[in-house]
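Examination of the molecular architecture
Read off the chains here:
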Amino acid sequence: MSLAKKSKIKTVLDGFKNIINGLGTGKDSREQTTFARGRIITQQVANDLYAYNWIAAKGIDIPIDDATKKWRSLLIPDAEKKEEVEKIMEEFDVKGKINLASKWARAFGGAVILMIIDGDKQEEPLDIEKIKPGSLKNFIVLDRYNIHPGDIDRDILSDNFGNPEFYMVSRAGAIIHHSRVIRFDGIVPTILEAERNNFWGLSLFARTFDSIADSGTMTQAIGNLVSEASLDIYKIKDLNDLVAEGDDDVVINRLKYLHQMKSVVNGSVLDSEDDFEIKSQTFANLEKIDDRSMQKVSGSFDIPLTRFLGISPSGLNATGDSDMLNYRDSVASIQENYMRPKIDVMDAVIVASSFKSEDQFKYVFNPLQQLSETEQAEVDLKNSQRDRSYIEDGVITPTDALANLAENGTYVTIDENRVEEEKAEEELNEFEEEETEETEETEETEEDQNSIPGEESEEPGETIPKGDE
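Basis of the calculations
- Residues numbered from 1 in each chain as written.
- Predicted model: local features only at pLDDT ≥ 70, side-chain atom pairs only at ≥ 80, totals over all residues.
- Heavy atoms only, no water.
- Pairing = 2+ DSSP bridges.
- Helix = DSSP H or I, 4+ residues; strand = E, 2+ residues; numbered from the N terminus.
- Axes fitted to C-alpha atoms, helices over the stretch in contact; angles between N-to-C directions.
- Contact = heavy atoms within 4.5 Å.

1. As for the sheet that holds strand β3 (residues 136-143)
Judged by pairing direction, the sheet is antiparallel, and its 3 strands sit side by side in the order β3-β2-β7 without closing on themselves. In the strand order of this sheet, the two ends are held by β3 and β7 (181-185), each with one partner. Neighbour-to-neighbour, the strand axes of the sheet open up by a mean angle of 15 degrees, direction not taken into account. As judged from the 5 bridges shared by strand β2 (residues 110-117) and β7, these two strands associate in the antiparallel manner. When the sheet's bridge partners are listed, Leu 114 is paired in β7 with Val 181. Along the sheet, helix α11 (residues 321-354) contacts β2, β3 and β7; its crossing angle with β7, the most-contacted strand, is approximately 165 degrees.

Listed below in structure tokens is the structure:
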């Protein structure tokens, strides 16, 4: 085949194109649409928004305050031991430090909690097993602008891969090993953005700034309209000539006297050649415009408007239950996926410093919406009836029901240890019952083997005739 006969290779873009209508061609405005890097939120912008703008502050605070409001329940059966642990946790303010670090991470893009342990070298790795009793002194919260990451760990086999090996505290100049730093990241959308942002996350304001600004602009514009709801219009003869001749004071004094007379006689006195009218503004649908801007703000922060503004849901048969249910699931996700790993580290260090190493404990986060005593009693009764029915039908054992109570933390005295003890006792009882059954079967078998074939036992009261002897 000659080169002339070879077909040319054409590059074809996969997409819809209509040359007549211009769709998909250079005439289509959508073909010129692209997306660029958004607004860069500096430390000063983030600080001013969080410190002085109520909308921005609520967007940062509400989910974190809700996640820590009910806090957690320690699953410690011993009441005295539980009280002792809770007291130590309050002294180190675990709840407050988690709350503050989480807020600063959302506002600034990152924050840390430093574990200050007396006698340790801060630049060396932390070994929890070697923490001396009483050596934990404090937990310090810093935002990302007060602590700077060092070299990045590039070892793919390291648990710390992709994160700094060391941190340097601003002003103090202290070098801190990463194992002594509990890190809280903001939004981490991509590796590229993390590298651009000095290996920290993005501030939440990077995604919500426009909606906050639009809402503020809308509120201010409505306020300006309301302030000009009633506008007085004066038509003065030869006004232009008076102004051109420099007689501004004459005009101002004239208007001043008109206002004074209006206040005194509840009316205006004008020259026969002057005119006066009042122009009133209409405000139809302004509240809908303002509400729509606030809806965008609450949507950008992923917080229901009813929770964001503390208002009742509007609309026919509106309850807001579905929105709040989804929101509570989001808060529960923050607790389990974001806060729990960090709380576990703080708990481990506190236990190593204040208690014996074997005194580990578990906990559950208290639900954001808690049932009333009546509602909880109804749920417990139904669960009890269900478990009793399943036990009678042989679906579950009493130990299974006990394990469910331990998992839900219904009673502090019912924990995994109690379940294991009951399970062991249940297995022992089953083993003893099996041995008893085997013994009875063996005895019956021996009795059958010792009996004489064809011999019948005499019935009570039966006599044998003499002729048959």
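2. A closer look at the sheet that holds strand β5 (residues 166-169)
Spatially, 3 strands are ordered β4-β5-β6 in an open sheet, and the strand pairing comes out antiparallel. With partners counted over all chains shown, the strands left at the sheet margins are β4 (147-149) and β6 (175-177), one partner each. Neighbour-to-neighbour, the strand axes of this sheet turn through a mean angle of 30 degrees, independent of strand direction. In this structure, β5 lies alongside β6, joined through 3 bridges in antiparallel fashion. Looking at β6, one finds that Met 168 is bridged to Ile 175.

That is the geometry; function is a separate question.
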